[in-house]
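What follows is each chain in one-letter form.
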Amino acid sequence: MRVFKVILAIIGVIVAIPIIGLAWLLWSLDIPDDSPRDAAPMARVLCGDAIKRILRNPSSAEMLDQPTWPVQHDPPLYIVLAVVRAENGFGGMAIETFTCEMSSTDGRSFSAVNVVQ
């Protein structure tokens, strides 16, 4: 009976070592995730930057609830609905809604195609 336990222990070690090695290898690999949902935060930030470029006073801009701006992915476009509080032409603060069309083929680099107020 004791010999049977030793043989099982040796077999267990022989099986466990490759599994642990494979798990370590997979854990250490840097595999990028190109899914559209991961690109949404970048699309939101770049939409905010594009909006600031068309405002009269970009430093007055407040991106309201930017992490929750809806992003629709219609390849290769990312359409972002943004809400911004900024200074208007009379010096008062106004809340405006913008739609940004951002183009991206890889989900990492974006260009603003259209920004509409």
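The model shown is predicted, which means the values in this text are computed figures rather than measured ones.

Undergrad: Hey, could you run me through the overall build of the chain in this one?
TA: On a plain count of helices and strands, the chain comes out with 2 helices and 5 strands. Counted from the first residue to the last, the chain has its helices and strands arranged as α-α-β-β-β-β-β. In the chain, which comprises 117 residues, the proportion classed as buried is 22%. Looking at the chain alone, contacts between residues at least 24 apart form 40% of all its contacts between residues at least 6 apart.

Undergrad: Help me out: how do you make sense of the nonpolar core in this one?
TA: Across soluble globular proteins, nonpolar side chains show a tendency to be buried alongside one another. In terms of nonpolar packing, the biggest core is built from 17 residues, with Cys47, Ile51, Trp69, Val80, Val84 and Met102 touching the most fellow members. Those elements that provide at least two residues to this core are helix 2 (36-54), strand 3 (77-87) and strand 4 (93-103).

Undergrad: Honestly, the packing of aromatic side chains in this entry has me stumped. Any pointers?
TA: Where two aromatic rings form a pair, the distance of their centres and the angle of their planes describe that pair. Tallying each qualifying case throughout the model produces 1 aromatic pair. For the ring pair Tyr78 and Phe110, a centre distance of 5.1 Å and an interplane angle of 70 degrees mean the geometry is edge-to-face. With Tyr78 in strand 3 and Phe110 in the loop between strand 4 and strand 5 (111-116), the pair connects residues that are 32 residues apart, well separated along the chain. Taking relative accessible area as the criterion, Tyr78 reaches 3% and is therefore assigned buried. Taking the relative accessible area as the measure of exposure, Phe110 reaches 15% and is therefore buried.

Undergrad: How do you make sense of unusual backbone geometry when you look at a structure like this?
TA: The bulk of non-glycine residues show a negative phi, and the bulk of peptide bonds are trans. For the bond running from Pro75 to Pro76, omega is 0 degrees, close enough to zero to count as cis. Relative to the assigned elements, Pro76 resides in the loop between strand 2 (71-74) and strand 3. If you check the backbone angles, Asp65 has positive phi at about 50 degrees while not being a glycine. Topologically, Asp65 is positioned in the loop between strand 1 (62-63) and strand 2. Judged by its relative accessible area of 58%, Asp65 falls in the exposed class.

Thresholds applied
Residues numbered from 1 in each chain as written. Predicted model: local features only at pLDDT ≥ 70, side-chain atom pairs only at ≥ 80, totals over all residues. Heavy atoms only, no water. Helix = DSSP H or I, 4+ residues; strand = E, 2+ residues; numbered from the N terminus. Buried < 20%, exposed > 50% of the residue type's maximum accessible area, 1.4 Å probe, protein only. Contact = heavy atoms within 4.5 Å. Core = buried A, V, L, I, M, F, W, Y, C linked by side-chain atoms within 4.5 Å. Phe/Tyr/Trp six-rings, centres within 6.5 Å; stacked < 30°, edge-to-face > 60°.

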